[in-house]
Amino acid sequence: MKVEPALDPLDIRFGFTPGEAYAYLLALGENGRQVYWWTELLADSLYPIVYTASSVLLISCFFERLFPVGSIWRKLNLLPLMVMLADYLENIGILTMLSGFPAQNEGIAQLASIANLVKWGLFPALIMLIMIGMGGWLYSKLGRIGTRL
C-alpha cells in the first residue's frame, strides 16, 4: 500500500519520527487509514507467526546438526521470537495511532518507531543465522560426499 512514491508504510521503514508517522496517516486519508488498520490487524498479525515459526524451525534444524547439545549457539533459535515481539509491539503502536487519529500521541508513535528499529535491527541477524546454518549444513553434506569419492 503506497500513497505516493516517497511514502512507504510505517512497517517497512527503518524508524520514523512521530511527525513522519502522523504525516503518513494524514496522507492516507480516511479510506486509506481504514485499509491500513485492517491490514495491520489481520495480515500483519499472521505474518510474524509464519516467519517466526519457519525461522525457529530452520535455525533449530541446522544448528542441532552443527553444534553439540548444551551449546549456547543452539539457543540462537530464539532470536526470531525477539523479532516477532518487536513486530507485534510495532503493530500495536500503529493500530493505536490509527484508532486514535486525528489525535496524536507522540509517546505511542515513538514506542512504535523503537519497536520498528529493533525489528529491522535484528532481522539481518536472523537472516545471517539461517545462512550460517544452511552453509554449515551444505559444507557437512559436501564433505561427506567428497570422502565417499
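For the structure given in this document, a descriptive report is provided here. (Residues numbered from 1 in each chain as written. Predicted model: local features only at pLDDT ≥ 70, side-chain atom pairs only at ≥ 80, totals over all residues. Heavy atoms only, no water.)

## Examining the overall build of the protein chain
Across its full length, the protein chain carries 3 helices and 0 strands. Ordered by position from N to C terminus, the α and β elements of the protein chain give α-α-α. In terms of overall size, the protein chain is more extended than a compact globule, its C-alpha atoms giving a radius of gyration of 20 Å where 149 residues would be expected to give roughly 15 Å. In the protein chain, buried positions account for 35% of the 149 residues. Summarising the internal contacts of the protein chain: among those between residues at least 6 apart in sequence, 75% fall at separations of at least 24. For the protein chain, the exposed area adds up to about 8,900 Å²; of that, 72% sits on carbon and sulfur atoms. (Helix = DSSP H or I, 4+ residues; strand = E, 2+ residues; numbered from the N terminus. Rg over C-alpha atoms; globule rule 2.2 N^0.38 Å. Buried < 20%, exposed > 50% of the residue type's maximum accessible area, 1.4 Å probe, protein only. Contact = heavy atoms within 4.5 Å. Areas by Shrake-Rupley, 256 points an atom, 1.4 Å probe, with all protein chains shown as cover.)

## Some words on the packing of helix 1 (residues 18-66) against helix 2 (residues 79-100)
Following both chains from N to C, one finds helix 1 and helix 2 inclined at 165°, their axes separated by 9 Å at the closest point. Taken together, the axis directions place helix 1 and helix 2 in an arrangement best described as roughly antiparallel. For the pair helix 1 and helix 2, the crossing hand works out as left-handed. Of the residues contributing to the contact of helix 1 with helix 2, the split by class is 20 nonpolar, 5 polar and 4 charged. (Axes fitted to C-alpha atoms, helices over the stretch in contact; angles between N-to-C directions. Parallel < 35°, antiparallel > 145°, perpendicular 65-115°, else oblique. Left-handed = near helix turned anticlockwise from the far one by under 90°. Nonpolar A, V, L, I, M, F, W, Y, C, P; charged D, E, K, R; others polar.)

## Structural notes on the nonpolar core
Formed by 15 residues in total, the largest nonpolar core has its most connected members in Leu 10, Tyr 24, Leu 25, Tyr 36 and Met 97. Counting residues per element, the ones that place at least two in this core are helix 1, helix 2 and helix 3 (106-148). Among the elements that make up this core, the one with the highest residue count is helix 1 (6 residues). Residues Phe 63, Leu 126, Leu 129 and Ile 130 belong to the second largest nonpolar core, which totals 7 residues. (Core = buried A, V, L, I, M, F, W, Y, C linked by side-chain atoms within 4.5 Å.)

What is shown is where atoms sit, not what they do.
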